[in-house]
Amino acid sequence: MAAPVSQPPVASRASTRLLPRGLGALQESAPASLRISAGRRRRAARLEVKASGNVFGNHFQVATYGESHGGGVGCVISGCPPRIPITEADMQVELDRRRPGQSRITTPRKETDTCKILSGTHEGLTTGTPIHVFVPNTDQRGGDYSEMAKAYRPSHADATYDFKYGVRAVQGGGRSSARETIGRVAAGALAKKILKLKSGVEILAFVSKVHQVILPEDAVDYETVTMEQIESNIVRCPNPEYAEKMIAAIDKVRVRGDSIGGVVTCIARNVPRGLGSPVFDKLEAELAKAMLSLPASKGFEIGSGFAGTDFTGSEHNDEFYMDEAGNVRTRTNRSGGVQGGISNGEIIYFKVAFKPTATIGKKQNTVSREHEDVELLARGRHDPCVVPRAVPMVESMAALVLMDQLMAHIAQCEMFPLNLALQEPIGSASSASELAPNLS
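As the structure is a prediction and not an experimental result, all values here were calculated from the model.

Procedures and definitions
Residues numbered from 1 in each chain as written. Predicted model: local features only at pLDDT ≥ 70, side-chain atom pairs only at ≥ 80, totals over all residues. Heavy atoms only, no water. Helix = DSSP H or I, 4+ residues; strand = E, 2+ residues; numbered from the N terminus. Buried < 20%, exposed > 50% of the residue type's maximum accessible area, 1.4 Å probe, protein only. Contact = heavy atoms within 4.5 Å. Areas by Shrake-Rupley, 256 points an atom, 1.4 Å probe, with all protein chains shown as cover. 1 Å grid on protein atoms, 1.4 Å probe; cavity = no way out; pocket = protein on both sides within 12 Å on 5 of 7 lines; lining within 4 Å. Points joined across faces, edges and corners; volume = space filled by probe spheres on them. Disulfide = S-S within 2.5 Å. Axes fitted to C-alpha atoms, helices over the stretch in contact; angles between N-to-C directions. Left-handed = near helix turned anticlockwise from the far one by under 90°. Nonpolar A, V, L, I, M, F, W, Y, C, P; charged D, E, K, R; others polar. Core = buried A, V, L, I, M, F, W, Y, C linked by side-chain atoms within 4.5 Å.

Asks: Quick rundown of the overall build of the chain? Include the residues and the values.
Replies: If you tally the helices and strands in the chain, you get 11 helices and 18 strands. Taking all 440 residues of the chain together, 45% fall into the buried category. The contacts in the chain between residues at least 6 apart in sequence include a share of 70% that link residues at least 24 apart. Here the chain displays about 23,000 Å² of accessible surface, and carbon together with sulfur accounts for 54% of that area.

Listed below in structure tokens is the structure:
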């Protein structure tokens, strides 16, 4: 006689029926300590999924909001230390570098991108409470997007937004528009200032490639390149000869209604040692996520990157030595300033690849929202090459990553006295004296 099959208690079977489809079997097979109890008074187990994707950072947090043709865009910054000097003018400097209509090789949309700090500061100092920055949209032309309301732009987010949400803001690309990055750049301006005050960190980015015009690796000295050199021309390449070649390449496709891509190189000098964590939160992993979250970004490499695969270990390793000040340094920097996921005090440098702008003034084959094959001639105002305006965006995201990692490091590793034989405290006498009037 076959043994009777054991059944879960009635209460257990009832709670299993209340679970979402697919979780019932997991409930029955799970240990008792891990099972979800529905209870007699609860009609169903409550499961929450938080996947908004609009907040960046863990300690220095930035939430961006707004769309291309809505009332405005901006951000809310949480976790900022108090008594940091910051004004709207400080943020405006960076926003002006990002804004549209600044030259013939950028989108002709005319926006001043004038920011307003609505909360979180008092008499020019941060208060430690959330900082709300708002920038109104003033030059919308929704009628330019009538064709895009019916057909998907090739390689744009139109189709995937429909696939995911079943609805989308048509004008200007909505949330997928690069105007979303205004909030990142405003927050990045604040992060840059704190990093400079605390540790003397300096973050600079520049255009190192436009289409097939490639700036040679030895054409820029990472130790000495300046913001003035980068901002001396409209393409933001610190080498005048190659800057002219890049501008010519953009002009060539611009008049044809086409677009091209390029590469932005970013360097961070004076980054403290110890930023980043092993395994999942490696510093280069955080930087990669930040950069690949930018609109039109398609690639990231740090240090020697993919070219490092051409070396042997003996050729690629960065040998250590003691400098005149008694510091551990590396003779080369193929690691890009990060080893084991943690900053080693050398210059951090990486590259970000950006694809050609998806919206172009040429007729293309596509599919309509009614799933019919159609032709699309897109209108609207768009960059023929995004990399000149991507420079401040890359700098800002690098600053947000380093700021977040700096706060994490201080919270974990400087809570108690350091092992001064191996560690060094974050900050310097010069930065402390500069902040002294506000921190007293």
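Asks: Outline the layout of surface pockets, listing residues and values.
Replies: By volume, the second largest pocket is sized at about 720 Å³. N270, V271, G345, E346 and I347 are the residues nearest the centre of the second largest pocket, which is lined by 28 residues in total.

Asks: Before we move on, can you summarise the state of the cysteines with the specific residues and values?
Replies: On inspection of all chains with the given rule, the structure shows 0 disulfides. Of all cysteine sulfurs, the one in C115 lies closest to C75, which takes part in no disulfide; the gap is 9.2 Å. The class of C75 is buried, set by a relative accessible area of 0%.

Asks: Can you lay out the packing of helix α8 (residues 283–292) against helix α10 (residues 387–413) for me, pointing to particular residues and giving the numbers?
Replies: One way to put it is that α8 packs onto α10 with a least axis distance of 9 Å and a crossing angle of 140°. Crossing of α8 over α10 shows right-handed handedness. Across from L283, E286, L287, A290 and M291 in α8, the residues of α10 making contact are V394, M397, A398, V401, L402 and Q405. Class assignment of the residues belonging to the contact of α8 with α10 gives a composition of 9 nonpolar, 1 polar and 1 charged.

Asks: Before we move on, can you summarise the nonpolar core with the specific residues and values?
Replies: M291 and F350 are the most contacted members of the largest nonpolar core, which totals 87 residues. For this core, the element with the highest residue contribution is α10, accounting for 13 residues. With near-sequence residues (within four places) excluded, F350 lies in contact with V264, T265, C266, L287, M291, F300, E301, I302, V394 and A398.

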